[in-house]
Amino acid sequence: MENQTIIHPSAVIESGARIGSGVRIGPFCHVSADATIEDNVELVGHVSVLGATTLGSGTKVFPMATLGAPPQNAKHTGGRTTLIVGANCTIREGVTMHTGTDTSRGETIVGENGNFLAYAHIAHDCVVGKNATFANGATLGGHCEIGDNVNIGGLTAVHQFVRIGNNAFIGGCSAVVGDVIPFAIAVGNRAKLRGLNIIGLRRSGLPRAEIHLLRRCYHTLFDHSRPVAENIEIAKSEFSGSPTAMKIIDFIGSRGKRQYTVPPLKGGAADDGDDED
């Protein structure tokens, strides 16, 4: 039957684990007593689902992935914390995702439709939005906040507590130690902004006029002749009629006192678009 759950005889499913309909659990998998596997999830083989982990419906997990291991955080005292993975995610070989810390947020959340390639890592207390793409070896430190539709290139490391805004693109082999504004491209060690993600904006269907407006907003916010706080106030006044621009402005304005926003590369291109669009 189409919705029949199939569990390989070599798999270990602890008593108390909640298994949905249409689930396929391959050889040598381990599902802990506190785990929830929703409908139509597939664990290909050699997958460990530990702790209080929930895998959303339709998610597919490939061999050697470990989901829900305790946080790598010395402040964790051993209390019950959770990992929640949204529906229809693809989690490739060797991916690791940890639960939250009991002295902090207490949960790690991964949105729906994510694509996490081999050996990507999501640390404790992170929040990852929907439609994320993490290339091979992309790594988040603890407490990161990643927006929707974010792409992180291979072998890129994101420092703990960093925020990356919606629709941002992080180039491969980068070290990201500060917040990255929405719709931007950031590359390098340490990463710097290389302009707006023009290709992504085009693909999202944003009108040409709105893309040009975002470029003007970007230049206003990162005008080195004025303090950042003054740039924010000018941008609020000039671009208040654009919801898309306000997402960037509000993102910068909402940073904490100790947070650092990744700036543009000095002497580099202002943005990666062209004036023909």
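Keep in mind that this is a model prediction, so the values were computed, not measured.

Okay, helix α2 (residues 208-221) next. Think of an α-helix as 3.6 residues a turn; residues three or four steps apart then line up on the same face. Relative to the 20 Å expected for 14 residues at 1.5 Å per residue, α2 spans 20 Å between its end C-alpha atoms, a close match to the ideal helical length. Those residues of α2 lying buried are Glu210, Ile211, Leu213, Leu214, Arg215, Cys217, Tyr218, Thr220 and Leu221. Looking at the buried side of α2, the elements it contacts are β28 (191-196), α1 (198-203), α3 (228-239) and α4 (243-253).

Axes are the key here: two packed helices are described by the angle between their axes and the distance separating the axes. Packing of α3 against α4 leaves a shortest axis separation of 10 Å and a crossing angle of 155°. In terms of orientation, α3 and α4 fall into the roughly antiparallel class. α4 is crossed by α3, and the crossing has left-handed handedness. Facing Val228, Ile232, Ala235, Lys236 and Phe239 of α3, the residues of α4 in contact are Ala245, Met246, Ile249, Ile252 and Gly253. Partitioning the contact of α3 with α4 into residue classes produces eight nonpolar, one polar and one charged.

Attention now goes to the environment of Glu107. As for its placement among the helices and strands, Glu107 is situated in strand β15 (residues 107-110). Taking C-alpha positions, Glu107 is 7.7 Å from Cys126, a pair spaced 19 residues apart along the chain. Excluding anything up to four places from it in sequence, Glu107 contacts Thr82, Ile84, Gly100, Asp125 and Cys126.

Looking now at the domain arrangement of the protein. When the domains of the protein are assigned, the result is domain 1 (6-143) and domain 2 (201-253). Each of domain 1 and domain 2 was reduced to a C-alpha centroid, and the two centroids are 37 Å apart.

Here we come to the environment of Ala132. Here Ala132 shows up in the loop between β18 (127-128) and β19 (133-134). On the basis of relative accessible area, Ala132 is assigned to the buried category, the value being 1%. Spatially, the C-alpha atoms of Ala132 and Gly147 are 8.0 Å apart, while their sequence positions differ by 15 residues. When near neighbours in sequence (up to four residues on either side) are disregarded, Ala132 contacts Asn113, Gly114, Asn115, Phe116 and Val150.

This part takes up the packing of aromatic side chains. Counted under the stated rule, the structure contains two aromatic pairs. Between Tyr218 and Phe222, the aromatic rings sit 5.2 Å apart at their centres with planes inclined by 55°, giving tilted as the arrangement. Per residue, the accessibility class of Tyr218 equals that of Phe222, and both read buried. The positively charged end of Arg92 is found above the aromatic ring belonging to Phe62, 4.0 Å away from the centroid.

Strand order in the open sheet made by the nine strands is β2-β5-β8-β11-β14-β17-β20-β23-β26, with parallel pairing throughout. Since the sheet does not close on itself, it has two edges, and those belong to β2 (12-13) and β26 (175-176), each with one partner. Bridge count between strand β11 (residues 66-69) and strand β14 (residues 96-98): three bridges; the pairing is parallel. Note that in β14 the partner of Ala69 across the bridge is His98.

With that out of the way, let us pick up the packing of α2 against α3. Between α2 and α3, the least distance of the axes is 8 Å, while the angle of their chain directions is 155°. Accordingly, the angle class assigned to the pair α2 and α3 is roughly antiparallel. Of the two elements, α2 crosses α3, and the hand of that crossing is right-handed. For the pair α2 and α3, the contacting residues are Leu213, Arg216, Cys217, Thr220 and Leu221 in the first and Asn231, Ile232, Ile234, Ala235, Glu238 and Phe239 in the second. Partitioning the contact of α2 with α3 into residue classes produces seven nonpolar, two polar and two charged.

What counts, and at which threshold
Residues numbered from 1 in each chain as written. Predicted model: local features only at pLDDT ≥ 70, side-chain atom pairs only at ≥ 80, totals over all residues. Heavy atoms only, no water. Helix = DSSP H or I, 4+ residues; strand = E, 2+ residues; numbered from the N terminus. Expected span 1.5 Å × (residues − 1). Buried < 20%, exposed > 50% of the residue type's maximum accessible area, 1.4 Å probe, protein only. Contact = heavy atoms within 4.5 Å. Axes fitted to C-alpha atoms, helices over the stretch in contact; angles between N-to-C directions. Parallel < 35°, antiparallel > 145°, perpendicular 65-115°, else oblique. Left-handed = near helix turned anticlockwise from the far one by under 90°. Nonpolar A, V, L, I, M, F, W, Y, C, P; charged D, E, K, R; others polar. Domains from an automatic or database assignment. Phe/Tyr/Trp six-rings, centres within 6.5 Å; stacked < 30°, edge-to-face > 60°. Lys NZ or Arg CZ within 6 Å of the ring centre and 35° of its normal. Pairing = 2+ DSSP bridges.

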